[in-house]
Amino acid sequence: MIESQKIKNEFDNKGYVIVPNIVNQEKIQILRKKILDFFNKNPTQRMIMPSDIINNFSEVFELQVNSKLLRVCKEIFNEFNYINDFQIQKNMCNIDDIGWHYDGGTSFGVKTRSVDDISKEINGEYRIAKIGISLTENDCRFGQMIDIVEGSHNWNNLKRALINKLLVNKWTPRLFKKYLIDNMTGKINPGDCVIFDSGLLHRSQMVKIDDVPEHRNNASHVITSDSKLTIYFEVGNKDSCEWFVKNNLAYANKKEIGTMEEKYHSDYLRFDKSLYPEWYLNELKIFNVDITELQGHKRSIASDIYLS
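Before going into details, it helps to say that this report is about the structure given with it. Since the model is a prediction, treat every value here as computed from it, not as a measurement.

Regarding helix α12 (residues 296–307)
Here is step 1 of the chain: For α12, built from twelve residues, the straight-helix expectation of 16 Å at 1.5 Å per residue is met to within 8% by its first-to-last C-alpha distance of 16 Å.
Here is step 2 of the chain: On its buried side, α12 packs onto α9 (238–255) and α10 (264–269).

As for the packing of aromatic side chains
Here is step 1 of the chain: As enumerated under the stated definition, the model contains 13 aromatic pairs in all.
Here is step 2 of the chain: Ring centres 5.5 Å apart and planes at 90° place the aromatic pair Y82 and F233 in the edge-to-face group. With Y82 in strand β3 (residues 81–90) and F233 in strand β9 (residues 229–236), the pair connects residues that are 151 residues apart, well separated along the chain.
Here is step 3 of the chain: Overall, Y82 belongs to the buried group, its relative accessible area being 0%.
Here is step 4 of the chain: Taken together, a centroid distance of 5.9 Å and an interplanar angle of 80° make the contact between F86 and F233 edge-to-face. Placement of F86 in strand β3 and of F233 in strand β9 is noted, with a sequence separation of 147 residues between them. Each member of the pair, F86 as well as F233, carries the same accessibility label: buried.
Here is step 5 of the chain: Ring pairs connect the aromatic residues F61, F80, Y82, F86, F233, Y276, W279 and Y280, which therefore count as one cluster.

Points about the sheet that holds strand β5 (residues 146–149)
Here is step 1 of the chain: The sheet built from three strands is open, its strands ordered β6-β5-β8 with antiparallel pairing. With partners counted over all chains shown, the strands left at the sheet margins are β6 (181–182) and β8 (202–204), one partner each.
Here is step 2 of the chain: Sheet topology note: the β5/β6 ladder contains two bridges and is antiparallel. Looking at the pairing, I148 lines up with D182 of β6.

Reading the values: the criteria
Residues numbered from 1 in each chain as written. Predicted model: local features only at pLDDT ≥ 70, side-chain atom pairs only at ≥ 80, totals over all residues. Heavy atoms only, no water. Helix = DSSP H or I, 4+ residues; strand = E, 2+ residues; numbered from the N terminus. Expected span 1.5 Å × (residues − 1). Contact = heavy atoms within 4.5 Å. Phe/Tyr/Trp six-rings, centres within 6.5 Å; stacked < 30°, edge-to-face > 60°. Buried < 20%, exposed > 50% of the residue type's maximum accessible area, 1.4 Å probe, protein only. Pairing = 2+ DSSP bridges.

As C-alpha coordinates, then:
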(Lines give C-alpha, C1' and ligand atoms only; values in the text may rest on other atoms or scores of the structure.)
Protein backbone atom coordinates (compact mmCIF):
# COMPACT_ATOMS: atom_id res chain seq x y z
CA MET A 1 0.00 0.00 0.00
CA ILE A 2 1.12 3.59 -0.62
CA GLU A 3 2.75 5.21 2.38
CA SER A 4 0.29 7.39 4.28
CA GLN A 5 1.92 10.74 3.52
CA LYS A 6 2.06 9.97 -0.21
CA ILE A 7 -1.56 8.93 -0.70
CA LYS A 8 -2.96 12.38 -1.46
CA ASN A 9 -0.13 13.22 -3.89
CA GLU A 10 -0.64 9.89 -5.65
CA PHE A 11 -4.37 10.55 -5.99
CA ASP A 12 -3.89 14.16 -7.12
CA ASN A 13 -1.29 13.24 -9.75
CA LYS A 14 -2.64 9.95 -11.13
CA GLY A 15 -6.32 10.35 -10.36
CA TYR A 16 -6.61 7.11 -8.40
CA VAL A 17 -5.18 5.04 -5.55
CA ILE A 18 -5.47 1.33 -4.85
CA VAL A 19 -6.26 0.20 -1.31
CA PRO A 20 -5.43 -3.52 -0.95
CA ASN A 21 -7.23 -6.19 1.05
CA ILE A 22 -10.42 -4.34 1.98
CA VAL A 23 -12.25 -7.68 1.76
CA ASN A 24 -10.57 -10.93 2.77
CA GLN A 25 -10.82 -14.09 0.68
CA GLU A 26 -13.38 -15.81 2.90
CA LYS A 27 -15.68 -12.77 2.83
CA ILE A 28 -15.26 -12.44 -0.94
CA GLN A 29 -16.64 -15.95 -1.46
CA ILE A 30 -19.56 -15.32 0.92
CA LEU A 31 -20.39 -12.04 -0.86
CA ARG A 32 -20.08 -13.55 -4.33
CA LYS A 33 -22.46 -16.38 -3.48
CA LYS A 34 -25.01 -14.00 -1.98
CA ILE A 35 -24.79 -11.58 -4.93
CA LEU A 36 -25.05 -14.34 -7.55
CA ASP A 37 -28.01 -15.86 -5.68
CA PHE A 38 -29.71 -12.46 -5.93
CA PHE A 39 -29.06 -12.26 -9.68
CA ASN A 40 -30.34 -15.81 -10.19
CA LYS A 41 -33.59 -14.78 -8.51
CA ASN A 42 -33.69 -11.52 -10.51
CA PRO A 43 -32.30 -12.55 -13.93
CA THR A 44 -33.54 -9.45 -15.76
CA GLN A 45 -31.40 -7.09 -13.64
CA ARG A 46 -27.99 -6.19 -15.06
CA MET A 47 -26.90 -4.60 -11.79
CA ILE A 48 -28.13 -4.47 -8.21
CA MET A 49 -29.80 -1.14 -7.56
CA PRO A 50 -29.28 1.07 -4.48
CA SER A 51 -32.54 0.14 -2.73
CA ASP A 52 -31.91 -3.58 -3.28
CA ILE A 53 -28.48 -3.21 -1.69
CA ILE A 54 -29.87 -1.36 1.33
CA ASN A 55 -32.52 -4.04 1.85
CA ASN A 56 -30.40 -7.12 1.14
CA PHE A 57 -26.69 -6.42 1.51
CA SER A 58 -25.78 -5.01 4.93
CA GLU A 59 -22.23 -6.16 4.14
CA VAL A 60 -21.76 -2.95 2.14
CA PHE A 61 -22.14 -0.93 5.34
CA GLU A 62 -19.39 -3.03 6.91
CA LEU A 63 -17.12 -2.21 3.96
CA GLN A 64 -17.74 1.53 4.36
CA VAL A 65 -16.52 1.47 7.97
CA ASN A 66 -13.37 -0.49 7.13
CA SER A 67 -10.62 1.34 9.04
CA LYS A 68 -8.12 1.14 6.17
CA LEU A 69 -10.60 2.62 3.69
CA LEU A 70 -11.59 5.39 6.13
CA ARG A 71 -7.93 6.29 6.73
CA VAL A 72 -7.15 6.55 3.02
CA CYS A 73 -10.26 8.67 2.35
CA LYS A 74 -9.18 10.98 5.17
CA GLU A 75 -5.70 11.31 3.63
CA ILE A 76 -7.23 12.30 0.28
CA PHE A 77 -10.13 14.51 1.39
CA ASN A 78 -9.35 15.40 5.02
CA GLU A 79 -12.98 15.72 6.17
CA PHE A 80 -15.29 13.72 3.90
CA ASN A 81 -18.78 12.36 3.37
CA TYR A 82 -20.07 9.24 1.68
CA ILE A 83 -22.78 9.31 -0.97
CA ASN A 84 -24.70 6.06 -0.73
CA ASP A 85 -25.47 5.69 -4.42
CA PHE A 86 -24.66 1.99 -4.10
CA GLN A 87 -24.56 -0.33 -7.06
CA ILE A 88 -23.20 -3.81 -7.65
CA GLN A 89 -22.26 -4.34 -11.29
CA LYS A 90 -22.04 -7.74 -12.97
CA ASN A 91 -19.96 -8.47 -16.06
CA MET A 92 -19.72 -4.83 -17.18
CA CYS A 93 -17.23 -5.15 -20.03
CA ASN A 94 -16.27 -3.97 -23.51
CA ILE A 95 -15.61 -5.88 -26.72
CA ASP A 96 -14.28 -2.92 -28.76
CA ASP A 97 -12.58 0.40 -28.05
CA ILE A 98 -15.75 1.92 -26.65
CA GLY A 99 -17.20 2.77 -23.27
CA TRP A 100 -14.73 5.49 -22.29
CA HIS A 101 -16.32 8.06 -19.96
CA TYR A 102 -15.83 9.97 -16.76
CA ASP A 103 -18.27 9.90 -13.86
CA GLY A 104 -18.51 13.68 -13.74
CA GLY A 105 -20.43 13.55 -17.00
CA THR A 106 -23.74 14.31 -15.30
CA SER A 107 -22.09 17.25 -13.51
CA PHE A 108 -20.27 19.03 -16.30
CA GLY A 109 -19.98 18.84 -20.07
CA VAL A 110 -17.60 20.11 -22.73
CA LYS A 111 -19.27 23.51 -23.13
CA THR A 112 -20.82 23.90 -19.70
CA ARG A 113 -19.30 23.60 -16.24
CA SER A 114 -15.70 22.74 -15.48
CA VAL A 115 -14.27 21.62 -12.15
CA ASP A 116 -13.17 25.22 -11.59
CA ASP A 117 -16.71 26.49 -12.30
CA ILE A 118 -18.21 24.08 -9.78
CA SER A 119 -15.52 24.93 -7.24
CA LYS A 120 -16.53 28.59 -7.48
CA GLU A 121 -20.20 27.69 -7.05
CA ILE A 122 -19.50 25.87 -3.79
CA ASN A 123 -16.86 28.39 -2.61
CA GLY A 124 -14.31 25.64 -2.23
CA GLU A 125 -12.62 22.78 -4.05
CA TYR A 126 -14.82 20.35 -5.97
CA ARG A 127 -13.59 16.84 -5.11
CA ILE A 128 -15.67 13.73 -5.75
CA ALA A 129 -14.39 10.21 -6.30
CA LYS A 130 -15.86 6.78 -6.89
CA ILE A 131 -14.93 3.83 -4.71
CA GLY A 132 -14.89 0.47 -6.48
CA ILE A 133 -14.33 -2.77 -4.60
CA SER A 134 -13.38 -5.75 -6.75
CA LEU A 135 -14.72 -9.22 -5.94
CA THR A 136 -13.23 -10.70 -9.10
CA GLU A 137 -10.21 -12.83 -10.01
CA ASN A 138 -7.50 -11.29 -12.19
CA ASP A 139 -8.10 -13.71 -15.07
CA CYS A 140 -11.88 -13.25 -15.27
CA ARG A 141 -13.08 -13.68 -18.87
CA PHE A 142 -15.19 -10.51 -18.58
CA GLY A 143 -12.19 -8.50 -17.39
CA GLN A 144 -11.49 -7.75 -13.76
CA MET A 145 -12.42 -4.11 -13.25
CA ILE A 146 -11.49 -0.94 -15.18
CA ASP A 147 -8.98 0.58 -17.59
CA ILE A 148 -7.97 4.19 -16.96
CA VAL A 149 -6.18 7.11 -18.61
CA GLU A 150 -3.83 8.19 -15.87
CA GLY A 151 -3.88 11.91 -15.02
CA SER A 152 -6.89 12.67 -17.24
CA HIS A 153 -8.81 14.06 -14.25
CA ASN A 154 -6.51 17.10 -14.46
CA TRP A 155 -7.43 17.86 -18.09
CA ASN A 156 -10.02 20.41 -19.12
CA ASN A 157 -13.33 19.21 -20.55
CA LEU A 158 -12.34 19.85 -24.16
CA LYS A 159 -9.12 17.84 -23.97
CA ARG A 160 -10.91 14.97 -22.23
CA ALA A 161 -13.58 14.94 -24.95
CA LEU A 162 -10.93 15.01 -27.70
CA ILE A 163 -8.90 12.14 -26.23
CA ASN A 164 -12.12 10.22 -25.66
CA LYS A 165 -12.95 10.50 -29.37
CA LEU A 166 -9.45 9.32 -30.30
CA LEU A 167 -9.71 6.32 -27.99
CA VAL A 168 -12.99 5.11 -29.51
CA ASN A 169 -11.94 5.81 -33.10
CA LYS A 170 -10.97 2.56 -34.84
CA TRP A 171 -8.49 4.43 -37.05
CA THR A 172 -6.45 5.77 -34.13
CA PRO A 173 -3.08 3.91 -34.07
CA ARG A 174 -2.92 1.11 -31.50
CA LEU A 175 0.47 2.33 -30.31
CA PHE A 176 -1.06 5.71 -29.38
CA LYS A 177 -3.87 4.01 -27.47
CA LYS A 178 -1.44 1.69 -25.70
CA TYR A 179 0.61 4.71 -24.65
CA LEU A 180 -2.44 6.40 -23.07
CA ILE A 181 -4.27 3.45 -21.53
CA ASP A 182 -3.43 1.75 -18.26
CA ASN A 183 -5.42 -1.49 -18.17
CA MET A 184 -4.57 -2.02 -14.49
CA THR A 185 -3.48 -5.58 -15.22
CA GLY A 186 -1.55 -6.95 -12.28
CA LYS A 187 -2.33 -3.93 -10.12
CA ILE A 188 -5.66 -5.07 -8.64
CA ASN A 189 -6.42 -8.26 -6.75
CA PRO A 190 -9.76 -9.62 -5.48
CA GLY A 191 -10.73 -7.69 -2.38
CA ASP A 192 -8.81 -4.56 -3.38
CA CYS A 193 -10.45 -1.16 -3.57
CA VAL A 194 -9.81 1.52 -6.20
CA ILE A 195 -10.65 5.15 -5.37
CA PHE A 196 -10.71 7.22 -8.56
CA ASP A 197 -11.50 10.85 -9.31
CA SER A 198 -14.84 11.68 -10.96
CA GLY A 199 -13.00 13.35 -13.83
CA LEU A 200 -10.76 10.37 -14.64
CA LEU A 201 -11.35 8.82 -18.07
CA HIS A 202 -12.02 5.12 -17.61
CA ARG A 203 -14.02 2.19 -18.95
CA SER A 204 -14.92 -1.36 -17.99
CA GLN A 205 -12.13 -3.70 -19.04
CA MET A 206 -12.12 -5.58 -22.34
CA VAL A 207 -13.37 -9.16 -22.39
CA LYS A 208 -10.86 -11.99 -22.75
CA ILE A 209 -13.16 -14.31 -24.72
CA ASP A 210 -14.71 -14.31 -28.19
CA ASP A 211 -18.20 -15.61 -27.38
CA VAL A 212 -19.41 -12.56 -25.46
CA PRO A 213 -23.00 -11.51 -26.36
CA GLU A 214 -23.10 -9.27 -29.43
CA HIS A 215 -24.22 -6.20 -27.48
CA ARG A 216 -21.76 -5.63 -24.65
CA ASN A 217 -24.40 -4.78 -22.04
CA ASN A 218 -26.06 -8.13 -22.67
CA ALA A 219 -23.06 -9.67 -20.93
CA SER A 220 -24.47 -8.13 -17.76
CA HIS A 221 -27.31 -10.64 -17.91
CA VAL A 222 -24.97 -13.65 -18.00
CA ILE A 223 -24.82 -15.32 -14.58
CA THR A 224 -21.96 -17.75 -13.98
CA SER A 225 -19.86 -18.71 -10.97
CA ASP A 226 -16.93 -16.71 -12.36
CA SER A 227 -18.93 -13.54 -13.13
CA LYS A 228 -17.22 -10.17 -12.76
CA LEU A 229 -18.63 -8.42 -9.66
CA THR A 230 -17.81 -4.91 -8.42
CA ILE A 231 -19.32 -2.80 -5.63
CA TYR A 232 -19.43 0.98 -6.19
CA PHE A 233 -20.33 4.12 -4.21
CA GLU A 234 -19.14 7.74 -4.01
CA VAL A 235 -17.02 9.80 -1.61
CA GLY A 236 -15.99 13.46 -1.48
CA ASN A 237 -15.68 16.56 0.63
CA LYS A 238 -18.93 17.78 2.20
CA ASP A 239 -19.66 20.74 -0.09
CA SER A 240 -18.90 18.71 -3.21
CA CYS A 241 -21.18 15.89 -2.08
CA GLU A 242 -24.04 18.29 -1.40
CA TRP A 243 -23.61 19.87 -4.84
CA PHE A 244 -23.40 16.41 -6.42
CA VAL A 245 -26.72 15.11 -5.04
CA LYS A 246 -28.57 18.34 -5.91
CA ASN A 247 -27.23 18.17 -9.46
CA ASN A 248 -28.19 14.52 -9.76
CA LEU A 249 -31.71 15.37 -8.64
CA ALA A 250 -31.92 17.81 -11.57
CA TYR A 251 -30.56 15.06 -13.84
CA ALA A 252 -33.14 12.55 -12.54
CA ASN A 253 -35.92 15.11 -13.04
CA LYS A 254 -34.86 15.43 -16.65
CA LYS A 255 -34.09 11.79 -17.49
CA GLU A 256 -35.98 9.46 -15.14
CA ILE A 257 -39.59 10.69 -15.12
CA GLY A 258 -41.93 8.08 -16.54
CA THR A 259 -41.44 4.39 -17.27
CA MET A 260 -37.86 3.15 -17.54
CA GLU A 261 -36.02 0.03 -16.46
CA GLU A 262 -33.40 1.56 -14.15
CA LYS A 263 -34.18 4.70 -12.19
CA TYR A 264 -30.80 4.70 -10.54
CA HIS A 265 -30.45 8.35 -9.47
CA SER A 266 -33.96 8.86 -8.12
CA ASP A 267 -33.69 5.53 -6.30
CA TYR A 268 -30.76 6.50 -4.08
CA LEU A 269 -31.72 10.20 -3.83
CA ARG A 270 -34.90 9.27 -1.93
CA PHE A 271 -32.86 7.66 0.88
CA ASP A 272 -32.49 9.12 4.36
CA LYS A 273 -30.51 7.96 7.38
CA SER A 274 -33.50 6.20 8.95
CA LEU A 275 -32.89 3.39 6.43
CA TYR A 276 -29.40 2.64 7.74
CA PRO A 277 -28.40 0.36 10.66
CA GLU A 278 -27.80 2.22 13.93
CA TRP A 279 -24.45 0.49 14.53
CA TYR A 280 -23.25 1.73 11.15
CA LEU A 281 -24.24 5.35 11.81
CA ASN A 282 -22.55 5.21 15.23
CA GLU A 283 -19.38 3.81 13.69
CA LEU A 284 -19.24 6.58 11.08
CA LYS A 285 -19.80 9.17 13.81
CA ILE A 286 -16.69 7.92 15.63
CA PHE A 287 -14.67 8.71 12.49
CA ASN A 288 -16.48 12.04 11.96
CA VAL A 289 -17.92 10.84 8.65
CA ASP A 290 -21.41 11.78 7.45
CA ILE A 291 -23.68 10.59 4.63
CA THR A 292 -24.86 13.27 2.24
CA GLU A 293 -28.59 13.22 1.58
CA LEU A 294 -31.18 15.60 0.18
CA GLN A 295 -33.42 17.66 2.43
CA GLY A 296 -36.90 16.24 3.06
CA HIS A 297 -38.86 18.05 0.34
CA LYS A 298 -36.20 17.24 -2.25
CA ARG A 299 -36.21 13.60 -1.21
CA SER A 300 -39.94 13.68 -1.83
CA ILE A 301 -39.30 14.97 -5.36
CA ALA A 302 -36.85 12.11 -5.92
CA SER A 303 -39.41 9.64 -4.60
CA ASP A 304 -42.09 11.03 -6.95
CA ILE A 305 -39.67 10.66 -9.89
CA TYR A 306 -38.88 7.09 -8.88
CA LEU A 307 -42.56 6.16 -8.60
CA SER A 308 -43.63 7.98 -11.80
